[in-house]
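What the coordinates show
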Amino acid sequence: MSDSPEATSPAAALSGVPSACVSKVELRVSCKALLDRDTLNKSDPCVILMVQAQGQWTELDRTEVIKSNLHPVFAKVFMLDYYFEEVQKLRFEVYDIHGTHSIGTRDDDFLGGVECTLGQIVAQKKMVKPLLLKYGKYAGKSTITVHAEEISGNNGYVELSFCAKKLDDKDLFSKSDPFLEIYRINDDETEQLVHRTTVIKNNLNPVWEPFKVSLISLCSCDEDRKLKCLVWDYDSRGKHDFIGEFYTSFRELQKIGTGSKVTWDCINPKYKLKKKNYKNSGVVILSDLKLHRVYSFLDYIMGGCQIHFTVAIDFTASNGDPRNSCSLHYINPYQPNEYLKALIAVGEICQDYDSDKRFSALGFGARIPPNYEVSHDFAINFNPEDDECEEIQGVVEAYQNCLPKIQLYGPTNVAPIINRIAKLSAGEETIKDASRYHILLILTDGVVTDMADTREAIVRASYQPLSIIIVGVGNADFTDMQILDGDDGVLRSPKGEPALRDIVQFVPFRDFKTASPAALAKCVLAEVPKQVVEYYSHRAISPMCPVMDSPNSVANTPE
């Protein structure tokens with residue numbers, strides 16, 4: 001492990017589109033009043049982050065080593081996935097590092113540790129705890145502070161490149177070994193280390209390596225938040241010599257995008273007071289800035305994207321006569337049938353994302369009035385001009401009212417309805433904004449008859465703002481339906497054309513018979529946020545009301 005200050009790389013986990021079903025959390029660590037284990041100088045601390053899985057503690061990551069410092073502020077950022085529904089146990093262990101000695105081999109290298117859960121840190125946002133030695137003994141007055149910040153996709157990250165000219169020479173027999181630190185000034189005036197660059201040896205005109213940092217880390221997504229930048233001459237014993245400082249903001253950094261030169265005088269306040277003709281201790285220059293946007297599902301929803309929900313119900317004869325209690329369409333006054341259970345479970349979640357709460361309800365595979373011809377695409381309220389129902393309860397009532405008026409028939413053709421919703425979605429595409437996305441829920445009791453046409457329809461639909469959920473009702477063999485769910489490979493049309501996106505999720509309802517309705521909804525809707533982001537990212541469409549948009553931002557597409 002190098003004993004030079006290490007560069008922060010929080011953007012490593014931000015490449016591509018973040019997983020939609022989980023929050024990313026950044027943890028930053030600092031310590032105060034650590035025990036001094038060294039005889040001749042101060043401890044050289046390092047923090048190891050341990051996670052517990054199946055009762056076993058394993059190392060997840062570790063900070064850099066900071067030389068000769070009992071109050072270290074570590075530049076390393078720990079990135080974790082945060083799951084609300086899980087207890088995620090963490091342990092922070094602080095060690096005094098001696099060269100290449102392995103950690104943990106000597107008890108006297110252990111400076112203290114603390115156990116907690118990620119949930120506790122997130123709830124407090126800033127957690128301060130005393131460090132404990134073995135057997136619960138306090139490690140003097142030592143404390144550890146852990147800052148947590150949630151990383152949402154919208155924040156993205158910024159890639160910065162700095163250099164400097166004519167820095168002060170702090171060394172007698174050689175030139176300074178400069179490195180740059182950037183601190184964010186918090187609302188309470190405390191300073192949070194954001195990034196520490198690598199050291200450039202023996203150079204008064206350093207060009208530091210470009211680095212990436214999330215916007216929430218850099219400025220808490222506040223363009224005017226003050227940033228404090230310090231330039232130091234590196235000392236291997238930890239006694240770094242101060243060269244100078246300057247203040248800036250993310251808004252000022254972005255001026256480079258307008259062609260302006262962004263430079264700062266590096267000022268040493270002591271020299272400024274003492275020296276009459278003092279100008280600066282060098283100049284720091286921002287040579288490049290790239291802003292990468294990685295939007296999340298919630299960015300699109302909070303930006304005003306509406307999700308329109310359509311349900312398509314299988315009314316083929318294989319369901320059984322609705323008047324018979326064995327029928328899958330039997331209306332039991334005391335308990336909803338499987339069709340209603342699936343409809344309500346998924347629909348109640350989707351309705352939160354549609355402001356007018358009106359949903360299209362369609363049927364297929366039945367003979368319908370007035371001529372009792374077979375239809376594979378009809379409105380279950382029998383109004384072809386307006387197939388929408390008021391809220392999910394309206395869909396339920398339309399379904400119940402429809403059953404006595406139709407004759408269950410066949411075959412099980414779903415391509416007509418997929419094509420209809422895809423065509424409707426294509427109309428939204430011409431608007432070229434993230435205003436409306438469609439979810440089609442297909443409820444069926446058997447394998448579709450028109451498999452080739454269905455595959456063709458899904459491949460075409462993968463280019464539109466549409467996701468398709470298929471729930472298999474009853475006890476049929478649904479093995480052949482798995483081909484439509486592209487999880488095991490890319491779905492192709494009969495001609496071999498691949499789907500642009502995986503937009504289908506298939507589940508048999510019987511897998512959730514003993515589970516709560518929420519479990520079914522969670523399963524079938526799990527992939528929808530990712531599918532929404534993939535569609536708009538592929539078409540390079542930003543949310544309608546994005547936060548902190550900039551002319552030199554780069555929209556990231558999924559990898």
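Per an unreviewed UniProt entry, the protein goes by Copine VII and derives from Denticeps clupeoides.

Structural notes on the overall build of the protein
From N to C terminus, the protein includes 11 helices and 27 strands. Out of the 559 residues belonging to the protein, those deemed buried represent 52%. Here the analysis covers contacts within the protein between residues at least 6 apart in sequence; of these, 72% occur between residues at least 24 apart.

Things to note about the environment of Met-127
Note on placement: Met-127 falls in strand 7 (residues 126-132). Judged by its relative accessible area of 0%, Met-127 falls in the buried class. Sequence spacing of Met-127 and Ala-148 is 21 residues, and the spatial spacing of their C-alpha atoms is 8.3 Å. Those residues in contact with Met-127, other than ones at most four positions away along the chain, are Cys-116, Ile-121, Ile-144, Thr-145 and Val-146.

Brief notes about the sheet that holds strand 14 (residues 241-249)
Across the sheet, which stays open at both edges, the 4 strands sit in the order 11-10-13-14 with antiparallel pairing between neighbours. Edge positions in the sheet fall to strand 11 (191-196) and strand 14, since each has one partner strand and no second. Here the average twist between neighbouring strands, direction ignored, is 25 degrees. In this sheet, strand 11 lies alongside strand 10 (residues 178-185) in antiparallel orientation, the contact comprising 5 bridges. Note that in strand 11 the partner of Tyr-183 across the bridge is Leu-193.

Quick word on the side chain of Arg-91
Along the chain, the position of Arg-91 falls in strand 5 (residues 89-96). A distance of 2.7 Å separates a polar atom in the side chain of Arg-91 from a polar atom in the side chain of Glu-93. Not counting residues within four places of it along the chain, the set of residues in contact with Arg-91 comprises Ile-48, Leu-49, Met-50, Trp-57, Phe-110, Gly-113, Val-114 and Glu-115.

Some points on the packing of aromatic side chains
With the rule as written, the count across this model stands at 14 aromatic pairs. When the ring of Tyr-437 is compared with that of Tyr-535, the centres are 6.3 Å apart and the planes differ by 65 degrees; the resulting orientation is edge-to-face. Pair noted here: Tyr-437 is in strand 24 (residues 436-444) and Tyr-535 is in helix 11 (residues 528-538), with a separation of 98 residues, a long-range link. Put simply, the rings of Phe-162, Phe-211, Phe-246 and Trp-264 touch in pairs and so form one group of aromatic residues. Over the ring of Tyr-271 we find Lys-275, and its NZ or CZ is 4.3 Å from the ring centre. The ring of Tyr-409 has Arg-367 lying over it, and the distance from NZ or CZ to the ring centre is 4.0 Å.

Comments concerning the state of the cysteines
Evaluation of the coordinates by the stated rule reveals 0 disulfides. The thiol sulfur of Cys-266 is not disulfide-bonded, and the nearest other cysteine sulfur, from Cys-229, lies at 9.4 Å.

Things to note about the pairing of strand 15 (residues 262-265)
The two faces of a sheet get side chains in turn, since along a regular strand they alternate between them. Of the two faces of strand 15, only the one carrying Val-262 and Trp-264 is buried; Thr-263 and Asp-265 on the other face are not. As paired strands, strand 15 and strand 16 (residues 283-293) are joined by 4 bridges and run antiparallel to one another. From the neighbouring strand, Asp-265 faces strand 16, where its bridge partner is Val-283.

Let's talk about helix 6 (residues 338-350)
Over its 13 residues, helix 6 extends 18 Å from the first C-alpha to the last, a length consistent with the 18 Å expected when each residue adds 1.5 Å. Residues Glu-338, Tyr-339, Leu-340, Ala-342, Leu-343, Ala-345, Val-346, Gly-347 and Cys-350 constitute the buried set of helix 6. Where helix 6 begins, one side-chain oxygen reaches toward the backbone nitrogen of Tyr-339, 3.1 Å away; that side chain belongs to Asn-337.

Observations regarding the pairing of strand 5
Among the 8 residues in strand 5, 7 count as buried, and that is most of the element. Alignment of strand 2 (residues 45-53) against strand 5, held across 7 bridges, turns out to be antiparallel. When the sheet's bridge partners are listed, Cys-46 is paired in strand 5 with Tyr-95.

Points about the confidence of the model for the protein
Should the pLDDT be low somewhere, the predicted coordinates at that spot are not to be read in detail. Chain-level pLDDT for the protein is 85 on average; 87% of the residues reach the 70-or-more range. Per-element mean pLDDT across the protein ranges from 44 in strand 27 (residues 553-555) up to 97 in strand 21 (residues 378-379). Scored below 50 in pLDDT, residues 1-21 shows 58 contacts in the model against residues more than four places distant or in partner chains. Every residue in residues 546-559 scores below 50 in pLDDT, and together they form 40 contacts with partners more than four places removed in sequence or on other chains.

What counts as what
Residues numbered from 1 in each chain as written. Predicted model: local features only at pLDDT ≥ 70, side-chain atom pairs only at ≥ 80, totals over all residues. Heavy atoms only, no water. Helix = DSSP H or I, 4+ residues; strand = E, 2+ residues; numbered from the N terminus. Buried < 20%, exposed > 50% of the residue type's maximum accessible area, 1.4 Å probe, protein only. Contact = heavy atoms within 4.5 Å. Pairing = 2+ DSSP bridges. Axes fitted to C-alpha atoms, helices over the stretch in contact; angles between N-to-C directions. Polar contact = N/O pair within 3.5 Å; in protein donor to acceptor, adjacent residues only side chain to side chain. Phe/Tyr/Trp six-rings, centres within 6.5 Å; stacked < 30°, edge-to-face > 60°. Lys NZ or Arg CZ within 6 Å of the ring centre and 35° of its normal. Disulfide = S-S within 2.5 Å. Expected span 1.5 Å × (residues − 1). pLDDT = per-residue confidence, 0-100.

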